[in-house]
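Residue strings, one per chain:
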Amino acid sequence: MRKRSWAEPYKIKMVELLKMTTQAEREHAIVEAGYNTFLLKSEDVYIDLLTDSGVGAMSDRQWAGIMMGDESYAGSRNFYHMRDTIEEYYSYKFTVPTHQGRGAENILSQILIKDGDYVPGNMYFTTTRLHQELAGGTFVDVIIDEAHDAESEHPFKGNVDFDKLNQLVEKVGAEKIPYICIATCVNMAGGQPISMENMGAVRTWCDLHNILLVHDMTRVAENAFFIQQREAGYENKTVKEIVYEICALTDAATMSSKKDAMVNIGGFLAMNDESLYEKSCELVVVYEGLHTYGGMAGRDMEALAIGIKESVQDDHMRARIGQIAYLGERLERNGVPIVKPYGGHAIFLDARAMLSHIPQEQYPAQALAAALYVESGIRAMERGVVSAGRNKLTGENYMPKLELVRLTIPRRVYTQAHMDVTAESVVEVMENAASLKGLRFTYEPQVLRFFQGRFEPLS
Ligand code: F0G
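Residues numbered from 1 in each chain as written. Predicted model: local features only at pLDDT ≥ 70, side-chain atom pairs only at ≥ 80, totals over all residues. Heavy atoms only, no water.

## Digging into the nonpolar core
Then comes step 1: Tyr90, Ile180, Met217 and Val243 are the most contacted members of the largest nonpolar core, which totals 58 residues.
Then comes step 2: At 6 residues, helix α8 (residues 220-230) tops the list of elements feeding residues into this core.
Then comes step 3: Discounting chain neighbours no more than four positions away, the residues touching Met217 are Tyr90, Tyr92, Thr184, Cys247, Ala253, Thr254, Met255, Asp260 and Phe268. (Core = buried A, V, L, I, M, F, W, Y, C linked by side-chain atoms within 4.5 Å. Buried < 20%, exposed > 50% of the residue type's maximum accessible area, 1.4 Å probe, protein only. Helix = DSSP H or I, 4+ residues; strand = E, 2+ residues; numbered from the N terminus. Contact = heavy atoms within 4.5 Å.)

Right, here's the structure in full:
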């Protein structure tokens with residue numbers, strides 16, 4: 001076959017103009033924002049790689065779906081469309097809509113976790129772990145060691161280590177483990193997938209110990225694409241088929257549809273067990289809304305249903321992952337230390353390697369993200385010790401092995417030229433890295449401190 005690039009399977013119909021800023025303006029803006037990119041005004045940002053959440057470009061069909069919103073309090077037509085689409089594409093029989101992923105995490109954690117329980121997972125996600133802790137549980141990391149090593153090129157860094165799982169059962173007993181939470185394309189590990197073989201083994205392990213398997217399916221389509229590309233026996237299956245197969249191995253799922261499904265807001269909790277569904281319906285009315293809208297407008301549920309169908313197209317996924325690999329290759333060619341293999345939603349800069357003169361207690365990844373903004377107006381996100389937070393019992397900082405800055409690529413939003421500018425800017429910051437200083441907190445929130453924390457440079 002002749003070689004062809006990954007060019008986008010769509011064309012641009014509408015554009016949003018961006019404000020260009022000067023370096024002096026950005027220096028002022030980052031001080032105002034307390035060196036936290038979450039606190040910048042988005043109009044002061046040129047290329048926004050903070051997150052891939054809720055920032056994708058919807059298609060003309062999704063926008064048409066917005067016009068078809070049935071804004072009824074109860075029983076909206078769009079809810080049934082969304083529910084049926086979830087069953088058809090993701091296998092789950094029952095769906096409870098929530099305003100976004102963390103709404104689903106809250107409900108699930110409250111129902112399943114009792115005080116003193118343990119919840120193993122293939123690495124943590126910030127909001128997921130916090131909801132587990134607020135419900136009285138303790139998160140236990142059971143991902144393979146390679147996931148914590150920025151340099152390991154393991155093709156499935158999202159895999160579960162069964163020695164770690166078995167040790168946990170021996171230590172606390174299976175009755176203290178209400179469920180295991182498995183994320184597809186593990187965000188904090190660098191957007192790294194879990195293999196179908198490993199997922200199947202987790203299913204068998206759960207059956208053996210009578211433990212539920214909950215799926216954080218926020219980026220399941222990206223995981224499915226990696227399985228198609230890397231796992232023997234899946235090369236001729238479609239992303240759509242692989243997505244279904246993954247979901248069918250699990251009992252329940254929490255979903256932030258703001259990622260894979262390319263909507264600006266929305267998510268859900270889905271499951272096959274009717275009694276879990278009934279309990280979820282009781283709680284969703286407390287925190288989100290009636291069980292047929294759960295915090296979403298009818299129009300949002302319609303766009304979500306359409307987004308699910310678009311998200312599992314092979315052409316879409318090839319361009320999506322192709323764009324990320326393009327950025328990764330440009331950075332690597334210029335000697336920038338990044339997490340390998342390239343992730344499904346982002347390229348992660350290894351701040352520990354780039355800013356080796358700044359100790360982890362001085363938040364090197366936070367300093368690097370701030371410097372990148374000042375350099376070129378590109379907004380990235382810290383994913384290191386600031387995001388990891390403090391241990392709820394000891395009050396000590398968690399010291400993650402990975403000290404990363406995430407360049408997250410929104411779906412269908414930026415062009416190859418934006419990726420070129422991004423790579424050039426990162427290289428520029430790296431060349432001047434010796435002049436960067438560590439940071440200290442001037443305000444530290446009690447929970448999820450990375451969102452609103454403020455910093456100043458150490459002199
Ligand atoms: N799980 C994963 C793996 C996530 O990446 C996120 C959100 C959530 C759950 C929570 O979903 O935001 O809809 O409430 N991740 C975003 C990010 C915020 O930037 O990585 P939510």
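## Observations concerning the domain arrangement of the protein chain
Then comes step 1: Along its sequence, the protein chain is carved into domain 1 (23-52 + 314-457) and domain 2 (60-311).
Then comes step 2: Computed from C-alpha coordinates alone, the two centres of domain 1 and domain 2 are separated by 26 Å.
Then comes step 3: Tallying the contact residues gives 32 residues for domain 1 and 42 residues for domain 2.
Then comes step 4: For the pairing of domain 1 and domain 2, the buried interface totals around 2,900 Å² over both sides, and the portion due to carbon and sulfur atoms is 56%.
Then comes step 5: Inspection of the region where domain 1 meets domain 2 yields 5 salt bridges.
Then comes step 6: With its nearest N and O atoms 3.0 Å apart, the salt bridge here joins Glu153 to Lys340.
Then comes step 7: Among the secondary structure elements, those contributing two or more residues to the side of domain 1 that touches domain 2 are α12 (314-333), β9 (346-350), α15 (385-388), β12 (404-408) and α17 (449-452).
Then comes step 8: Among the residues forming the side of domain 1 that touches domain 2, the class breakdown is 15 nonpolar, 5 polar and 12 charged. (Domains from an automatic or database assignment. Buried area = accessible area lost by both parts, 1.4 Å probe. Salt bridge = Lys/Arg side-chain N within 4 Å of Asp/Glu carboxyl O. Nonpolar A, V, L, I, M, F, W, Y, C, P; charged D, E, K, R; others polar.)

## Points about the side chain of Thr250
Then comes step 1: Along the chain, the position of Thr250 falls in the loop between α9 (239-248) and β7 (252-256).
Then comes step 2: For Thr250, the side chain forms a polar contact with the main-chain oxygen of Cys247, separated by 2.8 Å.
Then comes step 3: Filtering out sequence-adjacent residues up to four positions away, Thr250 remains in contact with Tyr92, Met199, Arg203, Leu213, His215 and Asn272. (Polar contact = N/O pair within 3.5 Å; in protein donor to acceptor, adjacent residues only side chain to side chain.)

## Concerning the environment of Phe441
Then comes step 1: Mapped onto the elements, Phe441 comes out in strand β13 (residues 439-443).
Then comes step 2: Overall, the relative accessible area of 13% leaves Phe441 in the buried class.
Then comes step 3: Along the primary structure Phe441 and Arg454 are separated by 13 residues, whereas in three dimensions their C-alpha atoms are 5.8 Å apart.
Then comes step 4: Ignoring sequence-local partners within four residues, the contact set of Phe441 consists of Tyr363, Val386, Arg449, Gly453, Arg454 and Phe455.

## As for unusual backbone geometry
Then comes step 1: The peptide bond linking Lys340 to Pro341 adopts the cis configuration, its omega dihedral lying at -15 degrees.
Then comes step 2: Along the polypeptide, Pro341 turns up in the loop between α12 and β9.
Then comes step 3: In the Ramachandran plot, Met123 falls in the positive-phi region, its phi being about 75 degrees despite a non-glycine side chain.
Then comes step 4: Topologically, Met123 is positioned in the loop between β3 (118-121) and α5 (126-134).
Then comes step 5: Positive phi values are uncommon outside glycine, yet Cys185 reaches one of about 50 degrees.
Then comes step 6: Tracing the sequence through the fold places Cys185 in the loop between β5 (179-183) and α7 (196-209).
Then comes step 7: A relative accessible area of 2% places Cys185 in the buried class.

## Some details on α5
Then comes step 1: With 8 of 9 residues buried, α5 is to be regarded as a mostly interior element.
Then comes step 2: Every buried residue of α5 is listed here: Thr126, Thr127, Thr128, Arg129, Leu130, His131, Gln132 and Glu133.
Then comes step 3: Of the residues trailing α5, Gly136 is marked for its positive phi of about 100 degrees.

## Regarding the pattern of salt bridges
Then comes step 1: By the definition in use, this model includes 23 salt bridges.
Then comes step 2: Between Lys13 and Asp60 there is a salt bridge, and its shortest N-O distance comes to 3.2 Å. Within this pair, whereas Lys13 is found in the segment before α1 (23-32), its partner Asp60 is found in helix α2 (residues 60-67), the two being separated by 47 residues in sequence.
Then comes step 3: A relative accessible area of 68% places Lys13 in the exposed class.
Then comes step 4: Residue class for Asp60 comes out partly exposed when judged on its relative accessible area of 45%.

## Considering the sheet that holds β12
Strand pairing in a sheet relies on backbone hydrogen bonds, with the paired strands running either antiparallel or parallel.
Then comes step 1: Judged by pairing direction, the sheet is antiparallel, and its 3 strands sit side by side in the order β9-β12-β11 without closing on themselves. Looking along the sheet, the strands with just one partner apiece sit at the ends: β9 and β11 (381-383). Direction aside, neighbouring strands of the sheet carry axes that sit 35 degrees apart on average. (Pairing = 2+ DSSP bridges. Axes fitted to C-alpha atoms, helices over the stretch in contact; angles between N-to-C directions.)

## Remarks on the packing of aromatic side chains
Then comes step 1: Tallied over the full model, the rule gives 13 aromatic pairs.
Then comes step 2: Taking 4.2 Å as the distance between ring centres and 45 degrees as the angle between the ring planes, the aromatic pair formed by Phe450 and Phe451 counts as tilted.
Then comes step 3: Owing to a relative accessible area of 3%, Phe450 belongs among the buried residues under this scheme.
Then comes step 4: Following the ring pairs from residue to residue traces out a cluster consisting of Phe38, Phe450 and Phe451.
Then comes step 5: Seen from the ring of Tyr124, Arg129 lies directly overhead, with NZ or CZ sitting 4.1 Å from the centre.
Then comes step 6: Between Arg383 and the ring centre of Phe450, over which it is positioned, the NZ or CZ distance is 4.8 Å. (Phe/Tyr/Trp six-rings, centres within 6.5 Å; stacked < 30°, edge-to-face > 60°. Lys NZ or Arg CZ within 6 Å of the ring centre and 35° of its normal.)

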